[in-house]
Amino acid sequence: MRHDLTAKALIAVVFWPSLFFFWFLGPFVFLLLSTTSSEVCARLETRDEFLAAANAALPMLVLQTLIYAVPVVCLVLWDRLAPEPARTRHIAACIKLFIVAAIIGATWDYGSSLVCDGYGQPFFSSAWRMTSYLPIVGLLINIPLYILTFSLGRAFSTRDDITEDGVVHSKQDNS
């Protein structure tokens, strides 16, 4: 019992900072790092140069996705410590939303690297220019994902011995 409480607390120490710093502040940082800057765009003149610049963004996209997965992994670990069927279904929904959001985000980042933020020449099909609409789709997916993840994190990191009225009920631990 005490080990489970310690493990839940350690997961909370990882979950909450990763949720706020990676999910709420991270997109701005990674957007700046993963897309081709306007200074580089002026120097890109051939299709091969554009493609090489976009492909250079792929390792950053993989790293971004792995970092963004930390809160979801924390939810899975919490669920393994204290499984509840209702929460498990919500975590499965979280994982599905995360996968869709990660694919949309990576496609947008990669596509914006190819389009070169509007400064480049039209070397690639207009389909890559359509990726400029993906942030809207990503936002529509990320809002429920953020709300669900936040509520699950709150439910998992709240002590079980505190009732809704704030009263602490001590449990006898015979172990």
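Residues numbered from 1 in each chain as written. Predicted model: local features only at pLDDT ≥ 70, side-chain atom pairs only at ≥ 80, totals over all residues. Heavy atoms only, no water.

Caption draft 1: Representation of the overall build of the protein chain. On a plain count of helices and strands, the protein chain comes out with 8 helices and 0 strands. In sequence order, the protein chain lays out its α and β elements as α-α-α-α-α-α-α-α. Per-residue burial over the protein chain gives 31% buried out of 175 residues. Taken as a whole, the protein chain presents about 11100 Å² of accessible surface, with 67% of it coming from carbon and sulfur. (Helix = DSSP H or I, 4+ residues; strand = E, 2+ residues; numbered from the N terminus. Buried < 20%, exposed > 50% of the residue type's maximum accessible area, 1.4 Å probe, protein only. Areas by Shrake-Rupley, 256 points an atom, 1.4 Å probe, with all protein chains shown as cover.)

Caption draft 2: Looking closely at helix α8 (residues 134–157). Taking 1.5 Å per residue as the helical rise, α8 with its 24 residues ought to reach 34 Å, and the 33 Å between its terminal C-alpha atoms agrees with that figure. Approximately 25 degrees is the largest bend angle found in α8, and it occurs at Asn 142, with the proline Pro 144 only one to four residues beyond. Within α8, the full set of buried residues consists of Leu 134, Gly 138, Ile 141, Leu 145, Leu 148, Thr 149, Leu 152, Gly 153 and Phe 156. (Expected span 1.5 Å × (residues − 1). Bend = angle between axes of the 7 residues up to and from the residue.)

Caption draft 3: Representation of the packing of aromatic side chains. Counted by the stated rule, this structure contains 6 aromatic pairs. Ring centres 5.9 Å apart and planes at 20 degrees place the aromatic pair Trp 16 and Phe 20 in the stacked group. Here Trp 16 pairs with Phe 20, and both are found in helix α1 (residues 2–34), just 4 residues apart, close to one helical turn. Note on Phe 20: relative accessible area 37%, which makes it partly exposed. Between Trp 78 and Phe 156 the ring centres are 5.6 Å apart and the planes differ by 20 degrees, which places this aromatic pair in the stacked class. With Trp 78 in helix α5 (residues 70–81) and Phe 156 in helix α8, the pair connects residues that are 78 residues apart, well separated along the chain. Judged by its relative accessible area of 0%, Trp 78 is buried. The class of Phe 156 is buried, set by a relative accessible area of 0%. Grouping aromatic residues by their ring pairs yields a cluster made of Phe 15, Trp 16, Phe 20, Trp 78, Phe 150 and Phe 156. Lying across the ring of Phe 156, Arg 87 places its NZ or CZ 4.6 Å from the centre. (Phe/Tyr/Trp six-rings, centres within 6.5 Å; stacked < 30°, edge-to-face > 60°. Lys NZ or Arg CZ within 6 Å of the ring centre and 35° of its normal.)

Caption draft 4: The side chain of Thr 149, seen in detail. Summarising the element assignment, Thr 149 is placed in helix α8. A distance of 2.8 Å separates the side chain of Thr 149 from the backbone oxygen of Leu 145, its partner in a polar contact. Those residues within four positions of Thr 149 in sequence are excluded, and the remaining contacts are Phe 15, Leu 19, Trp 23, Pro 71, Leu 75 and Cys 94. (Polar contact = N/O pair within 3.5 Å; in protein donor to acceptor, adjacent residues only side chain to side chain. Contact = heavy atoms within 4.5 Å.)

Caption draft 5: Molecular detail of the packing of α5 against α8. Relative orientation of the contacting elements α5 and α8 amounts to 40 degrees, with a least axis distance of 10 Å. Our classification of the angle between α5 and α8 gives oblique. When the axes of α5 and α8 are compared, the crossing they make is left-handed. Judged by residue contacts, Pro 71, Leu 75, Trp 78 and Asp 79 of α5 engage Thr 149, Leu 152, Gly 153, Phe 156 and Ser 157 from α8. When the residues that make up the contact of α5 with α8 are grouped by side-chain class, the tally is 5 nonpolar, 3 polar and 1 charged. (Axes fitted to C-alpha atoms, helices over the stretch in contact; angles between N-to-C directions. Parallel < 35°, antiparallel > 145°, perpendicular 65-115°, else oblique. Left-handed = near helix turned anticlockwise from the far one by under 90°. Nonpolar A, V, L, I, M, F, W, Y, C, P; charged D, E, K, R; others polar.)

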